[in-house]
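Understanding the architecture of this molecule
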Amino acid sequence: MRIPRILTAAAAAVLLAPLTGVLPAHADAITLTVDYGADAGPSNQVASGFLHGIEPASPAQYLIDGVKVVAIRGADHHPNLPSLFDRATYNRVAATGAKLRVGLYYASSNPSSPDNGYWPGDGGDWDRWRTIVNRVYDEARTNGYRVDSWITWNEPEAQWSSTARPFTKYLTAHDVAYDTLKARDPGVKIEGPELSSYNFSRLTQFLTFCKQNNCLPDVLSWHELTAAAPDVPGHTAQIRQWMIDNGITPMPITITEYQGSGYGNSDAWDPGVNVRFLAQFERSVPNGLVDALDSDWDYIGSDANFRSTLGNTADKATGTLPKGLWWNYNTYKDMTGRLVRTTSSAPTTVDALTAVDSAQRRSVGLIGNQNTGTHTVTLNLRNIPSVLQRNGKVHLSVTRFDDLGVLTNPAKVLEQDYTVSGNSTTVTLPALPASASLRFDVSPVIGGSAATVYEAESLPVTSTAGVVRRNYSESGASGGQASALESTAVGQSVTYTINVPTTGVYALSANLKREANRGFFQLYVDGRVFGPPQDEYGAAAYYRTTLGHLQLTAGQHNLEFRVVGKNASSSNRWMVFDRFEIAPLP
C-alpha cells in the first residue's frame, strides 16, 4: 500500500515601505466592496485547521499561539509523521483546543506495525480489520485521548481502484469499521469518505451505500487539493441538496486537506491564492461546512526527516520562522466578531473577506492576488458603523504579505486617516503584486484620545537571568532614553509592567528601534499572545508601531517581549524599547 498523499503532509496614501523589486505594469483595476451593513454570519475561522501540523518540537510555539487552530488531522502511530497517540504530541495539540481527526488506517502503512501491508478484507478476513479498529479505539480510551472523529480510510477512490481492491470493497471496510466503533460507543463520530477531491459521483455512491447499510458518516469529508481555489460553495451546496432530495439529513462537512497540487509545489503556500480558499470556505458555512484543514506538501510521509510545519505555514528547514502564508492565518485569527459581505469585481483574480468586531472597535480583512499580474485594488467601505469612526474619520492601515519561504518583516504599505461621507469612504491601495496578500485594519482614528504613555526605561522590569538589560541615553529616543535587552538566544525575554488607569478597550502601540543586530520577538500580554511578531532588524532608526486592540482592566498588566528568532541578515537578537502607549477606544 502506498503511503497516502495526505500523510505529508479619498485621501492620499502614505507609503511606509517600498514595494520589493520592480513591479510589472498593472494588469487591471479591481474594485472590492466591503458592506458593513450586510451581515454574513459569525466569524469562526473555520478554515484554520492543519494536517499533521504539530509535534513535540515543531513548529515553534509562537507560530501555534499566533493562529487559531480549529482542527488537527493525523495518525495514531507512524514512524515519521507526528503520532497523536504520543503523549507529548497529544498534549501539545490538545492545548490548542483543536478538534482531533484520527485515521484508523495507519497500521497498514506503518512498517513498524504487525498489520503492515494488510488491507481490510484481504483473503476474506474482516475480523483482523475489526481487531485493528478496536485496538486503536481502546488505546485512545485508555489514555484519555479526546478524538473528535475517526476516519475510516484516506482517499479511497485513489487507493481502492484495482480488481483485487475495488471501491466497493472500501465501502464494506467503512461499514465494518462503522459498526465496530458504534458498538463500542453509539455517540462516537465517524468521518468519511475522505475523497482526494470533490467527486459528486463517488460521494453519492458512498452516501447511497451508507443509507442502505445504516453506516452514514457523522461527518462528510473530502479534499480540495488544487493550485487555484475551486467552487467550494458550489460543491457543498450541491451535495447538501442531493442529500435532502434523497432523504438523508445533511451532516456536517469538513475539507480535511486544501490548497496545493503536489509535493514541493509552491502553490501550496501561495498567500494570494490562500485568501480565495479562506473566503470560499467561509461562504460554505451556510451549506454545513464546519472546518477545513491546510494541506502539508513540504514533506512526503515516507521521509524520515519529516518536520511538522503547521500545514504549509512555517519554514521547511527549521519550523521556527513564518512563511508568507503564516501571516494570513495570523490575520485570520484576528478576524473576530461578525463577517460582512465582501465582493470583488474580479473574484477569481483578487478575492477578499472581512470581519468586524464591535467590542474591539476594529475591522480586519484579507485581500489576495491569485495570479501572476500586479493589480490596482480600489477598496470601497460602505455603511461603516459608528464603532469604527471618530469625528467623521476612520484609520486604515495595510500590510503586505509576500510569497516567501521565510517572512519576518511584512511591509506596512499604507497608514492613513480617511474622512467618512455618508458612512462610506473609498481608498485606492498600493499595487498588489503576484501571489501576495494584504491585511487591512479599519478602526477609529486615535487623534484626540487621552493616551497614557509609559517610558520603557522608567517601568518596573524583569528579564532573563544572566542577559544584560540596560537603559541608555540617546537623542532620538522619547525622553532621551530607551531600554535594551542584549538577548542572544530564542526564548530570552524582557517583561515591563504597566498600570492601566481605567478598564476599557485600548489601542496598544510601541516605539522601538531598528538596527542591524536586532531580534524577532513576540509580545505576550499577561501570558497570552498578542499581536503579530515584530522584526526590529533594519537601518538604525526609532519607529512607532501599533500592536493592536485589546481589553484591559484597571490595574497592573505585564508586557512580555520574547525572542522567537532573527532576520537572516541580523547579526544578533537584541531588542530595544523606547516607550509604550495605550489610547482608549470609547
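Just above, that's the structure.
Residues numbered from 1 in each chain as written. Predicted model: local features only at pLDDT ≥ 70, side-chain atom pairs only at ≥ 80, totals over all residues. Heavy atoms only, no water.

Focus on unusual backbone geometry
Only a minority of non-glycine residues have a phi that is not negative, and only a minority of peptide bonds are not trans. Cis geometry marks the peptide bond from S58 to P59; its omega dihedral reads -5 degrees. Summarising the element assignment, P59 is placed in the loop between β2 (49-51) and α1 (61-65). A cis amide bond links G192 to the next residue, P193, at an omega of 5 degrees. The topology assignment puts P193 in strand β6 (residues 190-195). One non-glycine residue, Q259, adopts positive backbone phi at about 75 degrees. With respect to the helices, strands and loops of the structure, Q259 is situated in the loop between β8 (253-258) and α8 (271-284). (Helix = DSSP H or I, 4+ residues; strand = E, 2+ residues; numbered from the N terminus.)

Thoughts on the nonpolar core
Soluble globular proteins tend to pack their nonpolar side chains together in the buried interior. Ranked by internal contacts, the top residues of the largest apolar core, which has 102 residues, are W129, W150, L220 and F281. The biggest single contributor to this core is helix α5 (residues 167-184), with eight residues. Non-local contacts of F281, meaning those with residues more than four positions away in its chain, are made with V46, A47, V232, I255, Y258, L289 and A292. Residues L32, V356, V413 and Y418 belong to the second largest nonpolar core, which totals 29 residues. (Core = buried A, V, L, I, M, F, W, Y, C linked by side-chain atoms within 4.5 Å. Buried < 20%, exposed > 50% of the residue type's maximum accessible area, 1.4 Å probe, protein only. Contact = heavy atoms within 4.5 Å.)

Section: the pairing of strand β3 (residues 71-74)
In β3, alternate side chains face the same way, and those of A71 and R73 on one face and I72 and G74 on the other are all buried. In the sheet, β3 pairs with strand β4 (residues 99-103) via four bridges, with the strands oriented parallel. Residue R73 lies in a different strand from β4, and its bridge partner there is R101. (Pairing = 2+ DSSP bridges.)

Side note on the environment of V364
With respect to the element layout, V364 can be found in strand β12 (residues 362-369). A relative accessible area of 2% means that V364 is categorised as buried. With eleven residues separating them in the primary sequence, V364 and L353 have C-alpha atoms 8.7 Å apart. Beyond its immediate chain neighbours, meaning those up to four positions away, V364 contacts T331, D334, M335, L353, T354, A355, R439, F440 and D441.

Side note on the pattern of salt bridges
Taken as a whole and judged by the stated rule, the model has 29 salt bridges. A salt bridge links R165 to D122; the shortest N-O distance between them is 3.3 Å. In this pair, R165 sits in the loop between α4 (156-159) and α5 while D122 sits in the loop between β4 and α3 (127-143), placing the two residues 43 residues apart along the sequence. In this structure R165 comes out as partly exposed when scored by relative accessible area, which is 24%. The salt bridge partner of E474 is K513, with a shortest N-O separation of 2.9 Å. A residue pair is termed long-range when its members are at least 10 positions apart, and E474 in the loop between β20 (469-473) and β21 (481-485) and K513 in strand β23 (residues 504-514) qualify at 39 residues. Among the residues examined, E474 registers a relative accessible area of 28% and is labelled partly exposed. Within this structure, K99, R101, D148, K189, E191 and D291 form a network of salt bridges that share partners. (Salt bridge = Lys/Arg side-chain N within 4 Å of Asp/Glu carboxyl O.)

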